[in-house]
Amino acid sequence: MKRTTIGALGRLFDGPHATPTRRSDGPYFLNIASLKSGRLDLSESDHVSEEDFVRWTRRVIPRAGDLLFSYETRLGEAALMPEGVTACLGRRMALLRPDRSIVDPRFLLYFYLSPSFQRAIATNTIHGATVPRIGLSTMPAWEIAIPSLSKQKAIADVLGALDDKIAANDQVAVTALSLADALFAASLQRDAGTPITIGELADRGVLTQGDGYRTKQAEHGQPGFRILRAGDIRDGRVVPEGTDFVSESYARQIGQKASRPNDIVMTTKGSVGRVAVVPPDLETVVYSPQICYFRVLNEDALDRGYLAAWFRSSDLQTQASQLMFKSDMAPYINLRDIRSLTVPVPSRTEQRKQGELQRSLLDIIHAAHSESRRLGRTRDELLPLLMSGKIRVREVEKNVEGVV
């Protein structure tokens with residue numbers, strides 16, 4: 001291992017300390033919310049006009065292979081700038097442009113995310129009166145140790161193979177979801193169905209629905225059930241990442257508001273209308289008050305695959321948009337509003353045909369996400385071991401090849 005400094009690895013840049021007018025199109029304005037566990041999620045970024053893009057890139061234009069990282073608030077997050085994206089740095093975002101004769105960009109990302117460097121960030125964090133931050137003026141002097149360039153690339157290849165497989169799985173899921181939505185839209189063209197409200201379906205015992213559990217701080221504890229919040233419903237997935245748990249001793253009080261496989265969940269406050277289906281292998285979670293759940297009780301009367309597709313449809317989004325702005329507060333729909341939502345229920349034949357297709361595609365989506373979760377855990381376990389030299393690349397690369 002060679003001892004060196006962050007400043008020796010490349011050049012550091014940050015963006016203007018201001019916020020431009022944000023738009024729905026144009027070059028990306030990279031928000032720190034876009035940095036998620038080593039990946040850049042552009043759906044979380046805004047856009048700027050071409051005129052603002054010129055102003056906001058006077059210091060630097062991010063290019064492929066740059067290490068993007070947050071230097072305030074969400075410390076420790078990072079991602080590599082991808083190919084083919086036109087973007088400027090957002091607030092609290094900086095980049096390290098690696099000298100490729102010294103450090104491999106992909107290794108640099110894994111090094112940044114490694115436990116040892118995360119400890120370095122924690123050690124050098126400045127806790128001021130506002131938000132925690134990294135001093136970019138002192139960061140170049142941070143001392144680090146890195147392996148030779150050839151070893152860097154070998155480590156990056158092993159960990160990158162796992163990330164490449166995760167990315168491929170994500171693409172499979174996205175494609176399957178798009179196909180499911182297209183098939184559902186075509187189904188409605190063939191059979192527009194009979195409109196029935198959610199309230200009527202509930203009253204007939206076809207489904208049950210409800211909002212989340214309002215926890216008290218005294219109920220928090222482990223072992224228990226993780227609280228699923230609105231932010232954990234995104235991109236058609238349930239991604240529980242919070243650290244708050246309700247003690248299992250409150251299971252009776254939680255009752256129906258604990259998750260079950262195949263529940264349909266929808267956000268009802270703030271970003272109203274984000275929808276996902278609870279996969280079969282998800283840990284049992286407790287729904288928060290910003291989430292409503294829908295559970296089909298009589299599949300002979302209503303196919304759960306068909307219902308899930310309708311919740312993702314433009315019809316649901318249109319109905320919800322007409323209900324969510326009833327006050328000056330954040331967008332919100334309550335249980336009464338939800339009972340008034342109208343589901344087009346087609347003939348039994350069409351419903352079963354469409355339901356089988358939808359459930360088959362949901363199985364593909366859930367399988368892809370499940371494998372990605374396992375691969376992610378493997379990567380996270382290998383990362384510190386490879387970085388610290390406790391295991392060598394050749395000891396694990398054949399196993400990784402077998403997995404991917």
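Along each chain, residue indices are assigned from 1 in the same order as the chain's sequence is written. Since the coordinates come from a predicted model, pLDDT governs what is reported: local features require at least 70, and pairs of side-chain atoms require 80 or more to be given and counted, while whole-chain, interface and lining totals use all residues. The side-chain numbers reported here are obtained from all heavy atoms of the structure, hydrogens and water having been left aside.

Focus on the pairing of strand S15 (residues 207–211)
Reasoning step 1: Here the term buried applies to any residue with accessible area under 20% of the maximum for its type, exposed to any over 50%, and partly exposed to those in between, with areas from a 1.4 Å probe on protein chains only. Secondary structure elements are taken from DSSP: a helix is a run of H or I of four residues or more, a strand is a run of E of two residues or more, and numbering for both begins at the N terminus. Burial analysis of S15 places four of its five residues in the buried class, the great majority of the element.
Reasoning step 2: Pairing between strands is defined by DSSP: at least two bridges between the two strands are required. With five bridges connecting them, S15 and strand S23 (residues 291–296) associate as antiparallel partners. Looking at the pairing, glycine 210 lines up with tyrosine 293 of S23.

Observations concerning the pattern of salt bridges
Reasoning step 1: Any carboxyl oxygen of Asp or Glu that lies within 4 Å of a side-chain nitrogen of Lys or Arg is treated as forming a salt bridge with it. Following the criterion strictly, the structure yields 28 salt bridges and no others.
Reasoning step 2: Among the salt bridges present, the one from arginine 92 reaches glutamate 72, with a minimum N-O distance of 3.0 Å. Here the residue arginine 92 occupies a position in the loop between strand S9 (87–89) and strand S10 (93–98), and glutamate 72 occupies one in the loop between strand S7 (67–70) and strand S8 (78–80), the gap between them amounting to 20 residues.
Reasoning step 3: The class of glutamate 72 is buried, set by a relative accessible area of 18%.
Reasoning step 4: With its nearest N and O atoms 3.2 Å apart, the salt bridge here joins glutamate 283 to arginine 226. In this pair, glutamate 283 sits in the loop between strand S21 (275–277) and strand S22 (285–287) while arginine 226 sits in strand S16 (residues 224–228), placing the two residues 57 residues apart along the sequence.
Reasoning step 5: Classification of glutamate 283 by relative accessible area gives partly exposed; the value is 33%.
Reasoning step 6: You can call arginine 226 buried: its relative accessible area is 18%.
Reasoning step 7: Ionic contacts of the salt-bridge type, sharing partners, join the residues Arg39, Asp170 and Arg237 into one network.

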